[in-house]
Amino acid sequence: MNLILLTPEDCPQSNIAHLTGRRLQHVLEVHQAQVGQHLRVGMMNGLMGNAEVVRLDKQSLQLRFELDQAPPAKLPLTLLLALPRPKMLKRIFQTVATMGVERVVLMNSYRVEKSFWDSPFLQPDAIQEQLILGLEQGKDTILPEIILEKRFKPFVEDRLTSLAGDSLKLVAHPMAQQSCPRDVQQAVTLAIGCEGGFIPYEVNLLAEHGFTPVGLGERILRVETAVTALIARLF
């Protein structure tokens, strides 16, 4: 936890926070903080700053904080991700939050198992829990936008053009002849399939809507590895 993320509910006064639970345990066990020590904090979807420990015991932590710094800028990236396996999804949520992805669209595709959509990991509280872990790691406060699209064709044909706008549109595909670009200086909409990738029909439909197939070489990567590698290459 490189940043202690606060919420308005933690703050009985404008500059005082009371913490218990996971964050308290982290401060006790990892930071090994003492009264008077300063810690990095941030307000959910708000500013960052410093906090002084004013009271600390095994039951609660009281901080006096000042927020005066903007969080890091988000990557101008919309990630279209065919819904992966639930256990992998938890790690991907943390990764995209840590790396500063602006928006994630979880969408259906032919190779997505129907049962994945019933996963408890897709409940709003479960999603936010993983995103918060990613924000704490990356020292950020702004939650990525998460959108669920359970029907591939209607989403691509009816809503994707508006969502992607004039961004650079790419679809990751292991058979693509064109390499993924580097250090892109514009907004990007990037589509990544689940295990096994998009089927040809899906790649062709995305291509009809302006998406260029790109690859990362001959190796076949797991979804979570591909997400990290493609984001790092693009930005």
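Residues numbered from 1 in each chain as written. Predicted model: local features only at pLDDT ≥ 70, side-chain atom pairs only at ≥ 80, totals over all residues. Heavy atoms only, no water.

## Digging into the packing of helix H2 (residues 86-99) against helix H3 (residues 124-138)
Look at H2 against H3: their axes get within 7 Å of each other, and the N-to-C directions meet at 40 degrees. It follows from the interaxial angle that H2 and H3 lie oblique. Seen along the crossing, H2 lies across H3 with a hand that is right-handed. Contacts between H2 and H3 involve Lys90, Phe93, Gln94, Val96, Ala97 and Thr98 from the first element and Ile127, Gln130, Leu131, Leu133, Gly134, Leu135, Gln137 and Gly138 from the second. Grouping the constituent residues of the contact of H2 with H3 by class yields seven nonpolar, six polar and one charged. (Axes fitted to C-alpha atoms, helices over the stretch in contact; angles between N-to-C directions. Helix = DSSP H or I, 4+ residues; strand = E, 2+ residues; numbered from the N terminus. Parallel < 35°, antiparallel > 145°, perpendicular 65-115°, else oblique. Left-handed = near helix turned anticlockwise from the far one by under 90°. Contact = heavy atoms within 4.5 Å. Nonpolar A, V, L, I, M, F, W, Y, C, P; charged D, E, K, R; others polar.)

## Describing the side chain of Ser60
Note on placement: Ser60 falls in the loop between strand S4 (48-56) and strand S5 (61-69). By relative accessible area, which is 17% here, Ser60 ends up buried. For Ser60, the residues in contact, after removing those within four places along its chain, are Leu19, Thr20, Leu24 and Arg55. (Buried < 20%, exposed > 50% of the residue type's maximum accessible area, 1.4 Å probe, protein only.)

## Quick look at the packing of aromatic side chains
Aromatic ring pairs are reported here in terms of the distance separating the ring centres and the angle at which the planes meet. Tallied over the full model, the rule gives one aromatic pair. On the numbers, 6.3 Å between centres and 45 degrees between planes, the contact of Phe152 with Phe198 is tilted. One end of the pair, Phe152, is in helix H4 (residues 152-164); the other, Phe198, is in the loop between strand S10 (188-192) and helix H5 (200-208), and 46 residues separate them in sequence. Residue class for Phe152 comes out buried when judged on its relative accessible area of 8%. (Phe/Tyr/Trp six-rings, centres within 6.5 Å; stacked < 30°, edge-to-face > 60°.)

## A look at unusual backbone geometry
Backbone geometry at Asn45 places phi at a positive 60 degrees, although glycine is not the residue there. Counting through the fold element by element, Asn45 comes out in the loop between strand S3 (38-43) and S4. Judged by relative accessible area, which is 46%, Asn45 ranks as partly exposed. Even without being a glycine, Asp183 presents a positive backbone phi close to 50 degrees. Tracing the backbone shows Asp183 in the loop between strand S9 (168-172) and S10.

## Let's talk about the nonpolar core
If you look at the biggest cluster of nonpolar residues, it comprises 57 residues, and the most contacted ones within it are Leu79, Leu190, Phe198 and Leu206. Beyond its immediate chain neighbours, meaning those up to four positions away, Leu79 contacts Val96, Val101, Arg103, Val104, Val105, Leu190, Ile192 and Val227. Core analysis: the next-biggest nonpolar cluster, separate from the first, contains 18 residues, Met1, Ala51, Leu56 and Leu63 among them. (Core = buried A, V, L, I, M, F, W, Y, C linked by side-chain atoms within 4.5 Å.)

## A short note on the pattern of salt bridges
This model, assessed by the stated rule, comprises eight salt bridges. When the shortest N-O distance is used, the salt bridge between Glu224 and Arg91 registers 2.7 Å. In this pair, Glu224 sits in helix H6 (residues 223-234) while Arg91 sits in helix H2, placing the two residues 133 residues apart along the sequence. A salt bridge links Arg103 to Glu145, with the nearest nitrogen and oxygen atoms 2.9 Å apart. Here the residue Arg103 occupies a position in strand S7 (residues 101-107), and Glu145 occupies one in strand S8 (residues 145-149), the gap between them amounting to 42 residues. (Salt bridge = Lys/Arg side-chain N within 4 Å of Asp/Glu carboxyl O.)

## Some words on the pairing of S5
Along a regular strand, successive side chains alternate from one face of the sheet to the other. Inspection of the sheet shows strand S2 (residues 16-19) paired to S5 by four bridges, in the antiparallel sense. Bridged to Leu19 within S5 is Leu61. For S4 and S5, the ladder comprises eight bridges, and the chain directions are antiparallel. Bridge pairing in S5 places Asn50 opposite Glu66. (Pairing = 2+ DSSP bridges.)

So, to be careful, I would describe these as geometric facts and stop short of saying anything about function.
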